[in-house]
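Spelled out, the chains give:
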Amino acid sequence: MDKIILKDQTSFEIADGSSLGNIQIKAENFDSVKTITDAFTADNLSEVAFTHNDSVSGRYTDLKSDGFTYAPNTDANGTYTVTIRLRTKTEMENAIDEL
């Protein structure tokens, strides 16, 4: 099982094949979509880890959200797939943060 773990230790199971710019998380209902997207705050993106079978497979710092989308799953009862797009901050964004 693959997971993303945010700075505050909030974790979500992610779909196989997810990548930094294409993280897919299953939401059990529409209210869960907001819970998921609200967790991806700027502070929580300052330290992010990805795990595979409980072993860390990648660590990132200073990430930025490029947005998210969500769509209902056609084969499941009321669930949604939330897609989060992350990227590393540019040098300019890091310099602005330091001001």
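Report follows, based on the coordinates. Just so it is clear, the model here is predicted, and its values are computed rather than measured. (Residues numbered from 1 in each chain as written. Predicted model: local features only at pLDDT ≥ 70, side-chain atom pairs only at ≥ 80, totals over all residues. Heavy atoms only, no water.)

## Quick word on the overall build of the chain
Counting its secondary structure elements, the chain contains 2 helices and 7 strands. Start at the N end of the chain and walk to the C end: the helices and strands fall as β-β-β-α-β-β-β-β-α. On C-alpha atoms alone, the chain measures out to a radius of gyration of 14 Å, which is about the 13 Å that the 2.2 N^0.38 rule sets for 99 residues. Looking at the 99 residues of the chain, the share that counts as buried comes to 32%. (Helix = DSSP H or I, 4+ residues; strand = E, 2+ residues; numbered from the N terminus. Rg over C-alpha atoms; globule rule 2.2 N^0.38 Å. Buried < 20%, exposed > 50% of the residue type's maximum accessible area, 1.4 Å probe, protein only.)

## Thoughts on the nonpolar core
Formed by 20 residues in total, the largest nonpolar core has its most connected members in Ile4, Phe40 and Leu86. At the level of elements, β2 (11-14), β3 (23-27), α1 (30-39), β4 (47-52) and β7 (80-88) are the ones that each hand at least two residues to this core. For this core, the element with the most residues is β7, which contributes 4 residues. Ignoring any residue separated from it by four or fewer positions in sequence, one finds leucine 86 in contact with Ile4, Leu20, Gly21, Ile23, Phe40, Leu45, Leu63, Lys64 and Ser65. (Core = buried A, V, L, I, M, F, W, Y, C linked by side-chain atoms within 4.5 Å. Contact = heavy atoms within 4.5 Å.)

## Some remarks on the environment of tyrosine 80
Tracing the backbone through its elements, the reader meets tyrosine 80 in strand β7. A relative accessible area of 18% means that tyrosine 80 is categorised as buried. Considered as a pair, tyrosine 80 and glutamate 28 are 52 residues apart in the sequence and their alpha carbons are 6.6 Å apart. Filtering out sequence-adjacent residues up to four positions away, tyrosine 80 remains in contact with Ile25, Lys26, Ala27, Asn29, Phe30, Val33, Tyr70, Ala71, Pro72 and Asn73.

## Topic: the pairing of strand β5 (residues 55-61)
Of the strand pairs in this sheet, β4 and β5 are connected by 6 bridges, and their pairing is antiparallel. The residue bridging threonine 51 from the neighbouring strand is valine 56, located in β5. A loop of 2 residues connects β4 with β5, the two strands running antiparallel in sequence, and asparagine 53 in this loop sits at a positive phi of about 50°. (Pairing = 2+ DSSP bridges.)

## A few points about a nonpolar patch on the surface
The grouping of Phe30, Phe68 and Tyr70 at the surface amounts to a nonpolar patch, some 310 Å² of accessible area in total. Given the relative accessible area of 44%, phenylalanine 30 is considered partly exposed. (Patch = residues over 30% accessible without salt bridge, like charges linked within 9 Å, V, L, I, M, F, W, Y side chains within 5 Å. Areas by Shrake-Rupley, 256 points an atom, 1.4 Å probe, with all protein chains shown as cover. Salt bridge = Lys/Arg side-chain N within 4 Å of Asp/Glu carboxyl O.)

## Structural notes on the pattern of salt bridges
This structure, assessed with the given rule, holds 5 salt bridges. Note that lysine 34 and aspartate 38 form a salt bridge whose closest N and O atoms lie 2.8 Å from each other. Of this pair, lysine 34 and aspartate 38 are both found in helix α1, 4 residues apart, which corresponds to roughly one turn of the helix. By relative accessible area, which is 53% here, lysine 34 ends up exposed. On the basis of relative accessible area, aspartate 38 is assigned to the partly exposed category, the value being 45%. In this structure, the salt-bridge partner of aspartate 66 is arginine 87, at a minimum N-O distance of 3.0 Å. Highlighted residues: aspartate 66 in strand β6 (residues 63-72) and arginine 87 in strand β7, separated in sequence by 21 residues. The class for aspartate 66 is partly exposed, based on a relative accessible area of 42%.

Note that every value here comes from positions in space, so none of it alone points to a role or purpose.
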